[in-house]
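Structural characterization, general
Chain by chain, the residues:
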Amino acid sequence: MADVFMPRTLDELLDLKEKKQSLALFAGGTDLMVALRHHRIQPKALACLDHMDAMREITDTGNHIAMGAGTTHAGLLASPLVQEHIPVLARALETLGSPHIRNMGTLGGNIVTASPAGDCLPPLTVLNARVELASRDGFQTLPISDFITGPGTTCLKPGQILWRVLVPKTPAYCIHHFEKVGLRRSLSIAVVSMAAVLNLAPDGCIQAVRMAWGSVGKTVVTCPEAEDILSGNPLDPAVLEKAAQAVMQWVNPISDVRATAGYRRKVAGNLVLRLTRYAAPPEGGVRP
Amino acid sequence: MDLTFSLNGTALTLDAPSDQRVVDLFRETLGLTGTKEGCGSGECGACTIMVDGQTRLACLMVAAQLQGRSVITIEGLDLTAQGREQRHPVQEAFVQAGAIQCGFCTPGMVLTVTDLINRSPHADETEIRRAISGNLCRCTGYQKIVEAAQLAARWKQEEP
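What comes next concerns the included structure.

Scoring rules and cut-offs
Residues numbered from 1 in each chain as written. Chains lettered and ligands numbered in written order. Predicted model: local features only at pLDDT ≥ 70, side-chain atom pairs only at ≥ 80, totals over all residues. Heavy atoms only, no water. Helix = DSSP H or I, 4+ residues; strand = E, 2+ residues; numbered from the N terminus. Rg over C-alpha atoms; globule rule 2.2 N^0.38 Å. Buried < 20%, exposed > 50% of the residue type's maximum accessible area, 1.4 Å probe, protein only. Areas by Shrake-Rupley, 256 points an atom, 1.4 Å probe, with all protein chains shown as cover. Lys, Arg positive; Asp, Glu negative; His and termini not counted. Charge placed at Lys NZ, Arg CZ, Asp CG, Glu CD. Axes fitted to C-alpha atoms, helices over the stretch in contact; angles between N-to-C directions. Left-handed = near helix turned anticlockwise from the far one by under 90°. Contact = heavy atoms within 4.5 Å. Nonpolar A, V, L, I, M, F, W, Y, C, P; charged D, E, K, R; others polar. Buried area = accessible area lost by both parts, 1.4 Å probe. Salt bridge = Lys/Arg side-chain N within 4 Å of Asp/Glu carboxyl O. Polar contact = N/O pair within 3.5 Å; in protein donor to acceptor, adjacent residues only side chain to side chain. 1 Å grid on protein atoms, 1.4 Å probe; cavity = no way out; pocket = protein on both sides within 12 Å on 5 of 7 lines; lining within 4 Å. Points joined across faces, edges and corners; volume = space filled by probe spheres on them. Pairing = 2+ DSSP bridges.

Tallying secondary structure elements over chain B gives 5 helices and 5 strands in all. Counted from the first residue to the last, chain B has its helices and strands arranged as β-β-α-β-β-β-α-α-α-α. The C-alpha radius of gyration computed for chain B amounts to 16 Å, which stays within 12% of the reference 15 Å derived for 160 residues, consistent with globular compactness. On the principal axes, the C-alpha backbone points of chain B span a range of 45 × 35 × 25 Å. The 160 residues of chain B split such that 52% are buried. Here chain B displays about 7300 Å² of accessible surface, and carbon together with sulfur accounts for 46% of that area. Where the 14 positive side-chain charges of chain B centre and where its 19 negative ones centre are 5 Å apart.

Here it is as structure tokens:
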């Protein structure tokens, strides 16, 4: 039996963190309740974040889009700020769970769960997102790629909570791409996923590109070599194929109940080829 | 804890453990067995309920979260049980379309479709399938459930 607390302010929440031993934070509950049911954790107290209104704010700070860690995925999808400035995150959230799960699950929860398959993580990585952590000592921000250290592990210290996620508005990209391969179209943990943001020059050459993959390593994987192969080159099948080969060499997937390592490796490369849809159609021809 | 919330339009106060799963509160404590538990991990949608106008999964909620909220379970749509002549239109659509086989997914499906039709009476097939993508059915192959939703949508559009 666990006592359930419903703090309303950061102060109250940090107080609970300090005073209650064995406290688990209950955001959407979509990961926590499953873990509780399987006795993977046995907290004596739950801090439910339903009344932490400040954690559900989405704001444009000028330089950043700031999203409270308690924003639900549905809330993010409904946000004009997210749709306009960081559509790659919206594309990923559309594939997350189900409509009911999206009404409950939160951005912060997805990050702190830190699954290698987490759907928010590749988009936040390509956007160079930073996490803002709050504690009695104040606020601290660090890159999301530094925050998540392995499967299910972050560098959250005792007494710290994930407060906000900050995405810089620049550089701005014109192509925001996300694709997730799973065993079904919804309610499906990613077998492999890829987020990509690109800018193309007027002649169709790739001016800037960032890519990140989920479910092919201990955490989100980026492949600088593939980005180098694409930079400055046209978005054509030969270039994409070269980048895909580099990715297949680079990723380090495992075999598990959902897929073999070999399958994941192949799909990680194939997902790069899917960027061909953003190439200008050949003159007089039809886009493949 | 002392829990007070609105259930299917009526204010309710009861004493319940704050960490009791909502699906258990409904089924075991309140005897409202319309909300089903198919998986207990949010992956099937059989426990779909409405809280403050949004669909939620009762197997992933605890009692404390209901405090002060407005909750609808499938029993709230059971108009004939409430003495009315006709079924709720979405239930009627499911019956007419032949969209019920074993019936286990049906409460969650009906609530989800009701929510969809209320928000988006002109929903097309793509939108319908997306809306029910969190509700699994092992019997029907979904086709007749989609047709039931389309029928219910048509009726909603025709409402004066």
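Residue and element names in this part refer to chain B. Relative orientation of the contacting elements helix 3 (residues 106-119) and helix 5 (residues 143-158) amounts to 40 degrees, with a least axis distance of 10 Å. Remark: the crossing between helix 3 and helix 5 carries right-handed chirality. Residues Met 109, Val 113, Ile 117 and Asn 118 of helix 3 form the contact with helix 5, whose own contacting residues are Ile 145, Ala 149, Ala 152, Ala 153 and Lys 156. For the contact of helix 3 with helix 5, the class distribution of residues is 7 nonpolar, 1 polar and 1 charged.

With that settled, the discussion passes to the interface of chain A and chain B. Contacts between the two partners involve 24 residues from chain A, matched on the other side by 30 residues from chain B. Here chain A and chain B share an interface that buries about 2100 Å² over both sides, 59% of which is from carbon and sulfur atoms. Counting across the chain A and chain B interface gives 1 salt bridge. A salt bridge links Glu 37 of chain B to Arg 37 of chain A, with the shortest nitrogen-to-oxygen separation between them at 3.8 Å. Where chain A meets chain B, there are 10 residue pairs in polar contact (both at pLDDT 80 or more). Among the secondary structure elements, those contributing two or more residues to the side of chain A that touches chain B are strand 1 (3-5), helix 2 (32-37) and helix 6 (99-104) of chain A. At 5 residues, the largest contribution of residues to the side of chain A that touches chain B is made by helix 6 of chain A.

What follows deals with empty space enclosed by the protein. Applying the stated criterion across every chain, the model contains 1 cavity of 30 Å³ or more. In this structure, the largest cavity spans a volume of roughly 30 Å³. Residue classes in the lining of the largest cavity are distributed as 5 nonpolar, 2 polar and no charged.

Next up on the list: the layout of surface pockets. Approximately 1200 Å³ is the volume found for the second largest pocket. Of all the elements in the fold, those that place two or more residues in the lining of the second largest pocket are helix 3 (73-77), helix 6 and strand 11 (175-181) of chain A together with strand 4 (54-57), helix 3 and helix 4 (125-131) of chain B. Counted by class, the lining of the second largest pocket contains 11 nonpolar, 16 polar and 14 charged residues.

Further remarks concern the sheet that holds strand 1 of chain A. Residues and elements named next belong to chain A. Sheet architecture is open: 3 strands sit in the order 1-3-2, paired in parallel fashion. Only two strands of the sheet have a single neighbouring strand rather than two, namely strand 1 and strand 2 (23-26). Within this sheet the neighbouring strands show an average axis-to-axis angle of 25 degrees, counted without direction. Relative to strand 3 (residues 45-48), strand 1 runs parallel, the two being bridged by 3 bridges. Along strand 3, the bridge assignment pairs Val 4 with Leu 46. On the sheet, helix 1 (residues 10-19) packs against strand 1, strand 2 and strand 3 and is oriented at approximately 150 degrees with respect to strand 2.

Now for the side chain of Asn 103 of chain A. Along the chain, the position of Asn 103 of chain A falls in helix 6. In terms of polar contacts, Asn 103 of chain A uses its side chain to reach the side chain of Gln 54 of chain B, at 3.5 Å.

That is the geometry; function is a separate question.
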